[in-house]
Amino acid sequence: MTAVGPVTDGVVPYPAEAAERYRAAGYWTGQTFPALLDAAVADHGGRTAVVGTGPSGGERWTYAELDARARGLAAGLAEIGVAPGDRVVVWLPNVPEYLEAVFALFRLGALPVFALPAHRESEIRYFAEHAEAVAIVTVGRHDRFDHAAAAHAIAAEVPSVRHVVVADVPGAEPVAGWLSLSSLRRTPPDTLPGDDADPSSVAFLQLSGGTTGLSKLIPRTHDDYLYSVRASAEICGLTAETVYLAALPASHNFTMSSPGLLGVVHAGGTAVLAPSPDADTCFGLVESERVTIAAVVPPLAAAWVQAAGRTQRDLSSLQVLQVGGAKCAPELARRIMPALGARLQQVFGMAEGLVNYTRLDDPDDVVLNTQGRPISPDDELRVVDPDDPDEPEVAPGEVGALLTRGPYTIRGYYRADEHNATAFTADGFYRTGDLVRLTERGDVVVSGRVKEQINRGGEKIAAEEVENHLLAHPDVVDAAIVGVPDDFLGERTHAFVVAVPDRDPPGSAALRRFVRERGVAAYKVPDVVEVVASFPATGVGKTSRRALRAALAAHLREESGEESRS
Ligand code: AMP
Ligand code: DBH
């Protein structure tokens, strides 16, 4: 077979000096994704790796079975021409075939591009185009949406995409233009090209929430990512007895690696894929599978806390509830342990790298009021003055913008030279866009954001991306979207639009429908659209989007203040 063709174009490598240091420190061990699965098969081959519901119903696979499926599918994918180094968009909900497909791609040395099930045509088309993907792996109808048909339409438009592979019911009638995943399963071969992948090469492309326009693609190497996975598994106490519930989408970086599904594979535990994050579904799985740890975003934690009061389910196996993706308010944090009988672990992470955890043996005060501390002793955190172009560090304990560099934080987004020039400092620190302060113990407290992003209950929305969708409407001349505080979601979205003069302006519902029909993830559709005559002046000089959004947010706050006073 051909050797793995590492993807290097458009990737900013770690400097040789840093790579050397991370190896010498024992962080980068040379382990690859295929080797991760090899180790699980060798040590835990007969143990249950994955439990879930796929297109054909309930599945329960051991590590040996998962590996055989992944190898067999890798052989089938190779047969249709998927080659080492090729990119493949993985657009799957939480079905067991997710792990089969992802490990098949790793075995092949092909690079998964991790899309979310909530993504729609506009996002998937962009990922496929930007990564020049050769295939899309998806499901048929799911969540009242025909993924396979959408993927097929994208394949017709994006020249690089040659195949749409659909996880289906084996033996079902194939649909024209799609390949059924089950039809690609072959006898598992002994060796596959990914087996000798270069550990310092890029293993997959993860997604960022995005700030300027569409999500950026994040190139993660075997070495850097697996270091974060192994260290996370240790911090979170995973063992072969662990039963991890994936309530959030499997492709979310939190679910995948903090310690997530891959941490479970490292430990030889069991991953339970929840088809839906709601309390009924998840509590049922906690009871039936004796789940020990689960990961959720704050609004979901709040919903689970509520539901715990009236559930008949036995949740006594649950030891740890991880909450991350958005700030967990201390009031919510305090209710978690009593309601669920599980230890809270706060997780502040990012797909670009840096992940912080409160430790399981931290005092309650730290667990309730901070977002924890970094994984690695070599994670470098700088808290700087965001308003000073020289970015001096603020005084200890003061709030500032967080910059970070370390053994699992990228040095640049994929094929994004222009954006990289501002997203990273000259000496390789990633500008997270988060406002934080560090406690005396070195724990991080997140207090806000300087980036042009709205965090809607853990789902990240780039203001500019949604504004561009609104601007595509023929009756809209300008659009700005801001985050509004929301008790449940943390933030919801409020769009302001300036309509073409002398015409009947479109209504809020029509504009929301317009955005949705452009094929974007539902969470990006503005919660409210307000048509205004003009935007407030943002001061002298060039109009700054940031100043404009700040002025609009202030205007909204004033209005709601007035309402509450009246
Ligand atoms: P992304 O870069 O799209 O992976 O999103 C990562 C971002 O999510 C971080 O930079 C934060 O803005 C936000 N985030 C993640 N976890 C937390 C948390 N526990 N508290 C506050 N913000 C968080
Ligand atoms: O929000 C995130 O991106 C996130 C949250 C928790 C993350 O990437 C992670 C843990 O690894």
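Residues numbered from 1 in each chain as written. Chains lettered and ligands numbered in written order. Predicted model: local features only at pLDDT ≥ 70, side-chain atom pairs only at ≥ 80, totals over all residues. Heavy atoms only, no water.

K.L.:
Help me understand the domain arrangement of the protein chain, please; the structure alone is not making it clear to me.
P.N.:
Note on interface size: it is often stated as the accessible area lost on association of the parts. Domain annotation for the protein chain reports domain 1 (30–220), domain 2 (276–451) and domain 3 (453–565). Between domain 2 and domain 3, the C-alpha centre-to-centre distance is 27 Å. Taken together, the 8 residues of domain 2 in the interface contact 10 residues of domain 3. Summing both sides of the interface, domain 2 and domain 3 together bury roughly 770 Å²; the carbon and sulfur share of this comes to 48%. Broken down residue by residue, the surface that domain 2 buries against domain 3 is led by P299, R449 and K451, which jointly contribute 57%. Note that R449 and E491 form a salt bridge whose closest N and O atoms lie 2.6 Å from each other. Linking domain 2 with domain 3 are 5 residue pairs in polar contact (both at pLDDT 80 or more). Here the side of domain 2 that touches domain 3 is composed, by residue class, of 5 nonpolar, 1 polar and 2 charged. (Domains from an automatic or database assignment. Contact = heavy atoms within 4.5 Å. Buried area = accessible area lost by both parts, 1.4 Å probe. Salt bridge = Lys/Arg side-chain N within 4 Å of Asp/Glu carboxyl O. Polar contact = N/O pair within 3.5 Å; in protein donor to acceptor, adjacent residues only side chain to side chain. Nonpolar A, V, L, I, M, F, W, Y, C, P; charged D, E, K, R; others polar.)

K.L.:
Got a minute to help me understand the packing of aromatic side chains in this structure?
P.N.:
For any pair of aromatic rings, the description rests on two quantities: the centre-to-centre distance and the angle between the ring planes. What the rule picks out here adds up to 19 aromatic pairs. Ring centres of F33 and F204 lie 5.8 Å apart, and the angle between their planes is 80°; this geometry places the pair in the edge-to-face category. Of this pair, F33 sits in helix α2 (residues 33–44) while F204 is found in strand β10 (residues 202–207), placing the two residues 171 residues apart along the sequence. A ring pair is formed by F33 and Y225, whose centres lie 6.3 Å apart and whose planes are at 40°; its orientation type is tilted. Note that F33 is positioned in helix α2 and Y225 in helix α7 (residues 222–235), a separation of 192 residues in sequence. Its end group placed over the ring of F145, R120 keeps NZ or CZ at 3.9 Å from the ring centre. Across from the ring centre of F429, 5.4 Å away, lies the NZ or CZ of R382, which sits over that ring. (Phe/Tyr/Trp six-rings, centres within 6.5 Å; stacked < 30°, edge-to-face > 60°. Helix = DSSP H or I, 4+ residues; strand = E, 2+ residues; numbered from the N terminus. Lys NZ or Arg CZ within 6 Å of the ring centre and 35° of its normal.)

K.L.:
In this structure, what is going on with the UniProt feature "domain: AMP-dependent synthetase/ligase" (unreviewed entry) in the protein chain? I would like to understand it.
P.N.:
The positions UniProt marks with the feature "domain: AMP-dependent synthetase/ligase" (unreviewed entry) are residues 38–414. This span, residues 38–414, is 33% helix and 24% strand, and a straight line between its end C-alpha atoms measures 29 Å. (UniProt positions renumbered as here; feature names shortened; annotations may be inferred.)

K.L.:
How should the site of ligand 1 be read in this particular structure?
P.N.:
The local shell around ligand 1 holds 18 residues, among which G209, V347, E352, D434 and K460 are the closest. Within the backbone of G209, an N or O atom sits 2.6 Å from an oxygen atom of ligand 1. Residue D434 places a side-chain N or O atom 2.5 Å away from an oxygen atom belonging to ligand 1. Contact with the protein chains hides 94% of the accessible area of ligand 1, taken as 500 Å² for the molecule alone. Per-element tally for the shell around ligand 1: the top contributor is strand β16 (residues 343–350), with 4 residues. Its residues placed into classes, the shell around ligand 1 shows 6 nonpolar, 7 polar and 5 charged. (Near = heavy atom within 4 Å. Areas by Shrake-Rupley, 256 points an atom, 1.4 Å probe, with all protein chains shown as cover.)

K.L.:
Teacher, can you tell me more about helix α4 (residues 97–108) here?
P.N.:
Quick reminder: α-helices carry 3.6 residues per turn. Residues three or four places apart thus point the same way. Given a rise of 1.5 Å per residue, 12 residues ought to cover 16 Å, and the 16 Å separating the end C-alpha atoms of α4 matches this to within 8%. If you check which residues of α4 are buried, you get E97, Y98, L99, E100, A101, V102, F103, A104, L105, F106, R107 and L108. G109 sits one or two residues past α4 and shows a positive phi near 80°. (Expected span 1.5 Å × (residues − 1). Buried < 20%, exposed > 50% of the residue type's maximum accessible area, 1.4 Å probe, protein only.)

K.L.:
Can you help me understand the nonpolar core in this one?
P.N.:
Buried together is how nonpolar side chains tend to be arranged in soluble globular proteins. Membership of the largest hydrophobic core comes to 128 residues, with the highest contact counts inside it found for Y98, L245, W304, L321, I336 and L340. By residue number, the principal contributor to this core is α4, which donates 9 residues. Both domain 1 (30–220) and domain 2 (276–451) contribute no fewer than three residues apiece to this core. The next biggest cluster of nonpolar side chains, apart from the first, holds 28 residues, and it includes L111, A131, A148 and A150. (Core = buried A, V, L, I, M, F, W, Y, C linked by side-chain atoms within 4.5 Å.)

K.L.:
What is the right way to look at the packing of α2 against α7 in this model?
P.N.:
Remark: α2 packs on α7, axes separated minimally by 10 Å, with the N-to-C direction vectors making an angle of 40°. Classified by the angle their axes make, α2 and α7 are oblique. Contacts from F33, P34 and L36 in α2 reach H222, Y225 and L226 in α7. The class makeup of the residues in the contact of α2 with α7 is 5 nonpolar, 1 polar and no charged. (Axes fitted to C-alpha atoms, helices over the stretch in contact; angles between N-to-C directions. Parallel < 35°, antiparallel > 145°, perpendicular 65-115°, else oblique.)

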